[in-house]
Amino acid sequence: MEQHQHYQSLQDQAYNALRSKIIYAELRPGTRLSAIGLEKETGIGRTPIRESFVRLREQELVETRPKSGTYVSPINLTLAESACYIREHLEKQVIVECCARATSAGIEQLDRAIALQEKAMAEEDRIGFFLSDNLMHHMIFSIACRSTVWSWLEETNADLERFRWLRAATQVLDNRDIVNEHKQIRRAIAGRDPIEASFLVSKHLHMMFRNQTEVLDQFPEYFETSKLR
């Protein structure tokens, strides 16, 4: 049993490392993934790396070409847009539950996430800002006792995360606006105002998929050609 858990841990490490590299554009679409090369780079054995390819393929983050190898997939805009739609409509309901369940400890969790965002913004830490942005929303689900739903969303939103990362790199966003919107959402939750909180989070999340033109113009090679519009 212990050996199995250790092996599963190695597979998770390989999967999480590769998924992060794809989302943060360290591995660009079209990059060929070599289990041998990744073994040397990460120190994780080839078998757990190959099995992580299976999980990545299920999320359409990689594709296997016959007699050629495994490659990082381009971003599928249809999947990204669908993930955005699901997230927006689910979180509008979850935040209503969050308002009903929020305690002082829960509000402190939101405050910590916002403080981490402000710190990352001050330090110009793009990945830190991105992660603390996600943490804020994770806390909303956690306070509402919907962490399992958040975990499910994380497994299905990879193309949306990739789009958001590129969107952040286009410089069309003002991070201060994002933080201010989070503060407004936090105030509505603390005030137990589900109508205001639901409105604010819907408005906030609806913006996730804006600025498509700027993103596509700056990073056309990251997207499926057939999905560009």
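This text gives an overview of the structure that appears in the document. This one's a predicted model, so the numbers in the text were calculated from it and none came from an experiment. (Residues numbered from 1 in each chain as written. Predicted model: local features only at pLDDT ≥ 70, side-chain atom pairs only at ≥ 80, totals over all residues. Heavy atoms only, no water.)

### So, helix H5 (residues 104-122)
We count it as follows: Under the DSSP-based scheme used, a helix requires at least four consecutive residues in state H or I and a strand at least two consecutive residues in state E, with every element numbered from the N terminus. In this analysis, the expected span of each helix is defined as 1.5 Å times one less than the number of residues it contains. To sort residues, take the accessible area from a 1.4 Å probe on protein chains only and compare it with the maximum for the residue type: under 20% means buried, over 50% means exposed, and anything in between is partly exposed. In this description, one arc is meant: the one made by directions from the helix axis to the C-beta atoms. Note on contacts: a residue pair qualifies if any of its non-hydrogen atoms lie within 4.5 Å across the two residues.
When the terminal C-alpha atoms of H5 are compared, their 27 Å separation across 19 residues agrees well with the 27 Å that a helix rising 1.5 Å per residue should span. All of the buried residues along H5 are Gly-106, Ile-107, Leu-110, Ala-113, Ile-114, Gln-117 and Ala-120. One side of H5 holds all its buried residues, which, seen down the axis, span an arc of 145 degrees. Away from its buried face by more than 90 degrees, H5 exposes Ser-104 and Ala-122. Along its buried surface, H5 packs onto helix H6 (126-143) and helix H9 (175-190). After H5 finishes, the residue Glu-124 shows a positive phi value of roughly 55 degrees.

### Focus: unusual backbone geometry
Its identity is not glycine, yet Ala-25 carries a phi of approximately 60 degrees, on the positive side. Its place among the elements puts Ala-25 in the loop between helix H1 (2-23) and strand S1 (32-33). With relative accessibility at 21%, the residue Ala-25 sits in the partly exposed group. Despite not being glycine, Lys-67 shows a phi value in the positive range, around 60 degrees. Considering the arrangement of structural elements, one finds Lys-67 in the loop between strand S2 (62-65) and strand S3 (69-72).

### Brief notes about the packing of aromatic side chains
Using the following cut-off: Ring pairs are drawn from Phe, Tyr and Trp, using the six-membered ring of Trp, whenever the two centres fall within 6.5 Å, and their geometry is named by plane angle: stacked under 30 degrees, edge-to-face over 60, tilted for the rest. By the criterion adopted, a ring carries a charge over it if an Arg CZ or a Lys NZ lies within 6 Å of its centre and within 35 degrees of its normal.
Using the criterion set out here, one finds 6 aromatic pairs in the structure. Ring centres of Phe-219 and Tyr-222 lie 5.6 Å apart, and the angle between their planes is 90 degrees; on these two criteria the pair is classed as edge-to-face. With respect to class, Phe-219 is no different from Tyr-222; both count as buried. Among the aromatic residues, those joined into a cluster by ring pairs are Tyr-24, Phe-130 and Trp-165. Over the ring of Tyr-15 we find Arg-55, and its NZ or CZ is 3.8 Å from the ring centre. The positively charged end of Arg-126 is found above the aromatic ring belonging to Trp-165, 3.9 Å away from the centroid.

### Overview of the nonpolar core
The condition that has to hold: Each nonpolar core is a collection of buried residues, namely Ala, Val, Leu, Ile, Met, Phe, Trp, Tyr and Cys, held together in the definition by side-chain atoms within 4.5 Å.
If you look at the biggest cluster of nonpolar residues, it comprises 43 residues, and the most contacted ones within it are Ile-95, Leu-110, Ile-140, Ile-185, Ile-189 and Phe-223. If you list the elements that add at least two residues to this core, you get helix H4 (77-101), H5, H6, helix H7 (147-156), helix H8 (158-169), H9, helix H10 (194-206) and helix H11 (212-218). Counting residues per element, this core draws most heavily on H4, which supplies 8 residues. Listed in part, the 16 residues of the second largest apolar core include Ala-14, Ile-44, Leu-56 and Val-62.

### Things to note about the side chain of Glu-91
What counts is decided by this rule: The term polar contact refers here to a pair of N or O atoms within 3.5 Å; inside protein, the definition further demands a hydrogen-donor-capable atom paired with an acceptor-capable atom, and it admits residues adjacent in sequence only when both atoms are side-chain atoms.
When you line up the elements, Glu-91 lands in helix H4. A polar side-chain atom of Glu-91 sits 2.6 Å from a polar atom in the side chain of His-137. Glu-91 has contacts with His-137, Ile-140, Phe-141, Val-201 and Leu-205, leaving out every residue within four places of it along the chain.

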